[in-house]
Amino acid sequence: MAERIVDFGTDFANFSLQDSVYDIGARGGSGVGVIRFMAQVADYELTDEPDVDNLGGLIGAIGPAKELQNNIGRVKELLGTDQTALEFARYCVTQSKLLTPVERHFSDSILHIPTSGIEVAVMTGGVRNWMARRAIRLAQLSGSQKYLRTTLLVGGNRPMKPAEGPDVVDGMTEADYLGAVIQPQLANIGLAAEVVQVESSVGDDVMLTAAKLVSERYALEYSANSVAIVSNAGAWVQNAGQFRRALRAIVPQFDEHGQQFIVVSDGFKLGETGTEPTATHQNPLTALGQIARNAQELVRHQ
């Protein structure tokens with residue numbers, strides 16, 4: 001019988017909420033999962049069983065910055081030379097399969113392609129490149145015979161910077177970008193989308209607003225395959241997990257059996273040197289903090 005590998009692999013089919021996040025990426029070699037490996041390098045002590053607060057400490061040790069690009073200096077400080085840091089980071093990302101495309105139920109390790117209509121797809125704000133990638137994935141989802149009925153584009157009021165991309169105007173917020181750039185792009189392919197502006201830059205506030213809207217408009221207690229979060233590689237676990245927690249706080253029955261909440265993300269290329277443009281490649285060093293954040297989010301649902 002083939003060895004079962006626990007990771008963020010193709011369609012995330014190799015992980016369920018019954019698995020330990022410590023086992024993610026444990027294959028061959030030492031057999032040590034990437035979370036334990038990261039903790040060893042950071043000289044950080046993990047609890048015997050995964051714990052939300054303890055993993056928060058690992059995030060603080062390996063990648064504390066909210067904007068992941070800011071973690072580069074911290075990772076180099078921990079790991080030594082650039083080459084050593086890159087080799088280590090690329091190993092963790094590759095072993096965990098962090099950047100693999102996903103289309104599955106969030107909490108169920110068995111992929112079920114929905115044949116009934118998705119009532120609503122939700123896409124939230126973020127940095128410019130993330131929103132652009134999410135829009136492409138949303139367009140793919142709407143054209144894949146999933147019978148997507150409604151789309152909500154929910155954005156906060158974080159001020160964006162023109163340096164984020166050529167279509168970002170000074171003073172524009174994430175919600176503004178969704179309305180001025182993403183909504184027309186979707187309209188051009190025949191996909192109607194409602195823009196929802198949230199007067200907060202805090203991710204949990206944005207998700208709570210999205211969850212309230214979805215709970216008010218749809219009969220979530222009974223319908224299968226009813227809600228989808230459209231996200232991007234690396235960020236989808238945290239993005240979808242925040243939304244699921246917010247919605248279950250309002251409708252406790254939602255996704256009780258793991259069949260109502262679908263998560264969709266793209267794939268992304270892993271950088272070789274760490275100097276590639278962020279629009280085309282994931283910096284291996286900044287990915288370490290995302291692995292730890294994703295593990296913490298998964299434990300919240302266990």
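First, a word on scope: everything that follows refers to the structure included in this document. (Residues numbered from 1 in each chain as written. Predicted model: local features only at pLDDT ≥ 70, side-chain atom pairs only at ≥ 80, totals over all residues. Heavy atoms only, no water.)

Digging into the overall build of the chain
Rules: Strands here mean DSSP runs of E at least two residues long; helices mean DSSP runs of H or I at least four residues long; both are numbered from the N terminus. Each residue is assigned to one of three classes by its accessible area relative to the maximum for its type, calculated with a 1.4 Å probe on protein chains only: buried under 20%, partly exposed between the two thresholds, exposed over 50%. Here, Shrake-Rupley sampling with a 1.4 Å probe gives the accessible areas, and only protein chains in the shown set may cover a residue.
When helices and strands are counted, the chain shows nine helices and eight strands. Out of the 302 residues belonging to the chain, those deemed buried represent 54%. Split by element, the accessible area of the chain, about 13,100 Å² in all, is 50% carbon and sulfur.

Quick word on the pairing of strand S2 (residues 120–124)
Stated precisely, the cut-off is as follows: Whether two strands pair depends on DSSP finding at least two bridges between them.
Among the five residues that make up S2, five are buried, leaving the element largely enclosed by the rest of the structure. Residue alternation in S2 divides its side chains into two sets, Val-120, Val-122 and Thr-124 and Ala-121 and Met-123, and both sets are buried. By the bridge criterion, three bridges tie S2 to strand S5 (residues 227–230) in an arrangement that is parallel. Bridging from a neighbouring strand, Ala-121 pairs with Ala-228 of S5.

Observations regarding the pattern of salt bridges
Applied cut-off: What counts as a salt bridge is simple: a side-chain nitrogen of Lys or Arg found within 4 Å of a carboxyl oxygen of Asp or Glu.
Summed over the entire model, instances satisfying the criterion amount to 11 salt bridges. One salt bridge connects Arg-158 with Glu-174, and the closest N-O pair in it is separated by 2.4 Å. Of the two residues, Arg-158 is situated in the loop between strand S3 (150–155) and helix H6 (174–188) and Glu-174 in helix H6; the sequence distance between them amounts to 16 residues. We classify Arg-158 as buried; its relative accessible area is 17%. Close ionic contact of Arg-217 with Glu-194 constitutes a salt bridge, the shortest N to O distance being 2.8 Å. Note that Arg-217 is positioned in helix H7 (residues 203–217) and Glu-194 in strand S4 (residues 194–197), a separation of 23 residues in sequence. On the accessibility criterion, Arg-217 (39% relative accessible area) is partly exposed.

What about the sheet that holds S3?
Definition in use: Angles run from 0 to 180 degrees between N-to-C directions of axes, and those axes are lines fitted to C-alpha atoms, restricted for helices to the stretch in contact.
Judged by pairing direction, the sheet is mixed, and its six strands sit side by side in the order S1-S6-S5-S2-S3-S4 without closing on themselves. Two strands bound the open sheet, and with one partner strand each, they are strand S1 (102–105) and S4. This sheet shows a mean twist of 20° between the axes of neighbouring strands, independent of strand direction. Two strands pair when backbone bridges link them, and S3 and S4 are joined in this way by four bridges, in the parallel orientation. The partner of Val-154 across the bridge, within S4, is Val-196.

So, the packing of helix H2 (residues 52–62) against helix H3 (residues 72–79)
Going by this rule: Here is the rule for angles: anything less than 35 degrees is roughly parallel, anything more than 145 is roughly antiparallel, 65 through 115 is roughly perpendicular, and the remaining ranges are oblique. Here, two residues are considered to be in contact whenever any of their heavy atoms come within 4.5 Å of each other. Following the grouping adopted for this structure description, the nonpolar residues are Ala, Val, Leu, Ile, Met, Phe, Trp, Tyr, Cys and Pro, the charged ones are Asp, Glu, Lys and Arg, and the polar ones are all others, Gly among them.
Interhelical geometry of H2 versus H3 gives an angle of 90° and a closest axis separation of 8 Å. It follows from the interaxial angle that H2 and H3 lie roughly perpendicular. Listed contacts from H3 to Gly-60, Ala-61 and Ile-62 of H2 are Arg-74, Val-75 and Leu-78. Taken together, the residues of the contact of H2 with H3 sort by class into four nonpolar, one polar and one charged.

Notes on unusual backbone geometry
Backbone geometry at Lys-97 places phi at a positive 55°, although glycine is not the residue there. Here Lys-97 is to be found in the loop between helix H4 (82–96) and S1. The phi dihedral of Asp-255 is positive, around 60°, even though this residue is not glycine. On the accessibility criterion, Asp-255 (0% relative accessible area) is buried.

Digging into the packing of aromatic side chains
Inclusion rule: Paired rings are identified among Phe, Tyr and Trp, the last through its six-membered ring, by centres lying within 6.5 Å, and are further divided according to the angle between planes into stacked (under 30 degrees), edge-to-face (over 60) and tilted (the rest).
Summed over all chains, the structure comprises six aromatic pairs. Among the aromatic residues, those joined into a ring-pair cluster are Phe-106, Trp-236, Phe-243, Phe-254 and Phe-261.

Quick look at the nonpolar core
Test applied: To form a nonpolar core, buried Ala, Val, Leu, Ile, Met, Phe, Trp, Tyr and Cys residues must be joined to one another through side-chain atoms within 4.5 Å.
Counting 65 residues, the largest nonpolar core has Val-214, Phe-243 and Leu-288 as its most contacted members. The leading source of residues in this core is helix H9 (residues 284–300), at eight residues. Not counting chain neighbours up to four residues away, the residues in contact with Leu-288 comprise Met-38, Ile-62, Val-75, Leu-79, Phe-88, Ala-89 and Cys-92. With 23 residues, the next largest nonpolar core counts Val-168, Met-172, Ala-193 and Ala-228 among its residues.

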